[in-house]
Every structure is written in structure tokens, then in C-alpha cells.
Amino acid sequence: MSVTTSTVAFAGVRFGYGAAPILDGVDLELAPGEFVVLAGANGSGKSTLLRLSLGLLHPAEGSVRVLGGDPTDAAVRRRIGYAPQGLRMVTALPVSVTEVVSAGLTGMRGPLRRLGRDDRDAVARAVASVGLADQSQECLFELSGGQQQRAILARAFVGEPDLLLLDEPTTGIDQALRPQIAAELRRRADAGATVVAVSHDPDDFHQVCDRILVIGAGRLRQITHEEFHAHLEVGP
């Protein structure tokens, strides 16, 4: 893992899609090895915060630093694993789980480099880590929504990134399998990665995450596990 003071640093970030800001003076620092759950009501800015961290959006005010650099820098992006909410693939071609997960290495290895043995081993490990080893050669589009979501997670994992940004990572995944996903995220944090999981249900991760951050009215606030389980209102 690369050594940085903060994996993610927001300073006075203000952003909005219209006149009213979605994020209004947000300050945030995340450290290597930290597992953070980001909660909040729909439209509160959770996904926006991830997209700012990815360099896909730019703050109107304030600054965003990721892994010690600008999130738009290709060298920084190569160290980030991102799993969007739901499947976003524009293709009618049949693709296997292994092929989809292998695509997670393209940004690191380059589109013209063929995968070597170490790369294939990394893909197999990522697929196994989400419980899809038996479906590795099956067509992604013939799998259930939950299995597709696990393949998306494996694609984010495969490059062993320093930062994982996961938007509703357990959406559609069977309740019985969610502890396995949570344990895998904890394992990666313990290995030094910073893990940020957007979730409308932090209970999926309360036993393994370090912090729960709630976004509402443009601001972030931290709540304890006890407050969450006391059914604290997490909306704005």
C-alpha cells in the first residue's frame, strides 16, 4: 500500500446541480485502513460525494484530494476501485463473469496488454472472494441481479486498489451472503485499503465498519453504532 497522510481529503467542498447546494462546506478526512459507511436519504448527496472523489464531478468551492493527488489524474484513478449501483454495460455481446472482472485490470495494465498468469490468478481470487467461483464462466446477463452485483464488486477488487468506493454494494444480494461481502471489505481495510460504502442500510456493515457518516442538509455528521441501533433518524 502507498503511504499517504489521508486517502481522501475534502476541505470546504460545496457542490450543487442547481441553485441549492447538495454539499455545503463539507470537510472529510479518511485514513488508510479505514472502513466508512456513508448513509443518508435519497438525493442527500451520497453518490455525489463518491463522484467527486472519482474526479467525475468538480466542486464549486473547496478542494478534493485523493491519495495525495488530484482525483482526475490517471495515476490516482488507477489506484481506485469503484463499484456503481447496479449494472452499467453498453453491450449486447455475451460476456462471462471472468471477462467482466478482468476489465477491472484494464486501467492498470492498459487496453493493449494481454493478461498474464498473475493477472488471471488475481481475477480468480477476486471472483472467489465474492462467492462466484462456480459461475466464473457463465454469461453475466444470465445471472441474477445479486450475482451481477457481486461480479461488479469483484471487478472493483481485482486490482487490489488503495481506495474502494462502493455505491450500495449489497443491493440485490441475498441476506445470507451479505456477511461474506462485509467480511471481505473488512479484510481489505485491514490490509490497508480505505473502504467507503454508500448504504441506505448501514446495518449490513455495523459489525465491521469503523465509522458511520450521515449526510443531510449538505453536511456530514458522524453517528455511533449505538445511535444507529437506537433508530436515530439518518435523513436530512
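Criteria and thresholds
- Residues numbered from 1 in each chain as written.
- Predicted model: local features only at pLDDT ≥ 70, side-chain atom pairs only at ≥ 80, totals over all residues.
- Heavy atoms only, no water.
- Helix = DSSP H or I, 4+ residues; strand = E, 2+ residues; numbered from the N terminus.
- Buried < 20%, exposed > 50% of the residue type's maximum accessible area, 1.4 Å probe, protein only.
- Contact = heavy atoms within 4.5 Å.
- Areas by Shrake-Rupley, 256 points an atom, 1.4 Å probe, with all protein chains shown as cover.
- pLDDT = per-residue confidence, 0-100.
- Pairing = 2+ DSSP bridges.
- Axes fitted to C-alpha atoms, helices over the stretch in contact; angles between N-to-C directions.
- Right-handed = clockwise from strand over helix to strand, strands pointing away.
- Phe/Tyr/Trp six-rings, centres within 6.5 Å; stacked < 30°, edge-to-face > 60°.

Scanning the protein chain for helices and strands turns up eight helices and nine strands. Burial analysis of the protein chain (236 residues in total) assigns 50% to the buried set. Of all intrachain contacts in the protein chain linking residues separated by at least 6 positions in sequence, the fraction that spans at least 24 positions is 68%. When the accessible area of the protein chain is evaluated, it comes to approximately 11,300 Å², of which 49% is carbon and sulfur surface.

A few words on the confidence of the model for the protein chain. Averaged over the protein chain, the pLDDT score is 89; the fraction of residues at 70 or greater is 89%. Low pLDDT (under 50) marks residues 232-236, which in the prediction has 15 contacts with non-local residues, meaning those over four places away or in another chain.

Taken in spatial order, the six strands make up an open sheet running β5-β6-β7-β3-β8-β9, and their pairing is mixed. Taken across any chain shown, the strands that pair with only one partner, and hence form the sheet edges, are β5 (80-83) and β9 (219-223). Neighbour to neighbour, the strand axes of the sheet diverge by 20 degrees on average, direction disregarded. Direction of pairing for β5 relative to strand β6 (residues 163-167): parallel, over a ladder of four bridges. Directly across from I80, in β6, lies its bridge partner L163.

Attention now goes to unusual backbone geometry. Phi at L67 takes a positive value of approximately 55 degrees, unusual for a residue other than glycine. Tracing the sequence through the fold places L67 in the loop between β4 (61-66) and α2 (74-77). On the accessibility criterion, L67 (7% relative accessible area) is buried. Not every positive phi belongs to a glycine, and E168 is a case in point at roughly 50 degrees. Topologically, E168 is positioned in the loop between β6 and α7 (178-190).

This paragraph deals with the pairing of strand β7 (residues 194-198). Working note: regular strand, side chains alternate between the two faces of the sheet. The element β7 is extensively covered by neighbouring structure, given that five of its five residues are classed as buried. Burial along β7 is two-sided: the residues T194, V196 and V198 and V195 and A197 are all buried. Here strand β3 (residues 35-40) pairs with β7 via four bridges, running parallel. Along β7, the bridge assignment pairs F35 with V195. In this view, the connection linking β6 to its parallel neighbour β7 by way of α7 has right-handed handedness.

With that settled, consider the packing of aromatic side chains. Under the criterion given, the structure shown has two aromatic pairs. On the basis of an interplanar angle of 90 degrees and a centroid distance of 4.9 Å, the ring pair of F15 and Y17 is categorised as edge-to-face.

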